[in-house]
Amino acid sequence: MPLSGVLMSLLGGRPINFFDLFLIPPIAENKEAAGLLRQVHGYVAYALAGLIGLHILAALKHAVIDRDGTLARMLSGKPADI
Ligand code: HEM
């Protein structure tokens, strides 16, 4: 996502404001490549949203159906004992 976002902006002629610290100026403008990267950015965003949704459903399955402590471990932030 960040890579397609950054390249889309810079090839599309848009500077990137890095947290108000500095501006990254656009590189050689290529509207065709920028348009393609915009599409990639959109598709990858949907894929990411789908994966996050699946991850939430899987975590709930572990908690409600398997009752195996996976969700509790995820929330604790500690790795599993191996
Ligand atoms: C995890 C990181 C990111 C996520 C989840 C994300 C998500 C999105 C989504 C959902 C859109 C709307 C897409 C659409 O209208 O089809 C969007 C648009 C956009 N994003 Fe990102 N983005 C991310 C990172 C970045 C970065 C790092 C940049 C550039 C520095 C960037 C630049 C843009 C721009 C310029 C648009 C507007 C595109 C347009 O409508 O012309 N994005 N982003």
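Residues numbered from 1 in each chain as written. Predicted model: local features only at pLDDT ≥ 70, side-chain atom pairs only at ≥ 80, totals over all residues. Heavy atoms only, no water.

Undergrad: Residues and numbers for the environment of leucine 23, please.
TA: Examined against the element boundaries, leucine 23 turns out to sit in strand β2 (residues 22-24). On the basis of relative accessibility, which here comes to 56%, the residue leucine 23 falls in the exposed class. Along the sequence, leucine 23 and glycine 5 sit 18 residues apart, while their C-alpha atoms lie 15 Å from each other. In contact with leucine 23, other than residues within four places in its own chain, are Pro15, Ile16 and Asn17. (Helix = DSSP H or I, 4+ residues; strand = E, 2+ residues; numbered from the N terminus. Buried < 20%, exposed > 50% of the residue type's maximum accessible area, 1.4 Å probe, protein only. Contact = heavy atoms within 4.5 Å.)

Undergrad: Go over the site of the ligand, please, and point to the residues and values.
TA: Close contacts around the ligand come from Met1, Pro2, Gly5, Val6, Met8, Ser9, Arg14, Ile16, Arg38, His41 and Ala45, and that covers them all. Here an oxygen atom of the ligand and a side-chain polar atom of arginine 14 are 3.1 Å apart. Arginine 38 has a polar side-chain atom sitting 3.0 Å from an oxygen atom of the ligand. Mapped by element, the contributors of at least two residues to the shell around the ligand are α1 (2-11) and α2 (31-66). With five residues, the top contributor of residues to the shell around the ligand is α1. (Near = heavy atom within 4 Å. Polar contact = N/O pair within 3.5 Å; in protein donor to acceptor, adjacent residues only side chain to side chain.)

Undergrad: Describe the coordination of the iron atom of the ligand, with residues and values.
TA: The protein supplies the iron atom of the ligand with one donor atom, His41 (NE2), which lies at 2.1 Å. Its place among the elements puts histidine 41 in helix α2. (Donors = N, O, S within 2.8 Å, 3.2 Å for Na, K, Ca; no water.)

Undergrad: Just give me the short version of the pattern of salt bridges, but keep the residues and values in it.
TA: Applying the stated rule across the entire model yields two salt bridges. Between glutamate 29 and lysine 31 there is a salt bridge, with the nearest N and O atoms lying 3.5 Å from each other. Comparing glutamate 29 with lysine 31 shows no difference in burial state: the two are exposed. The shortest N-O distance in the salt bridge between lysine 61 and aspartate 66 comes to 2.9 Å. Using a relative accessible area of 41% as the deciding quantity, one classes lysine 61 as partly exposed. For aspartate 66, a relative accessible area of 33% translates into the label partly exposed. (Salt bridge = Lys/Arg side-chain N within 4 Å of Asp/Glu carboxyl O.)

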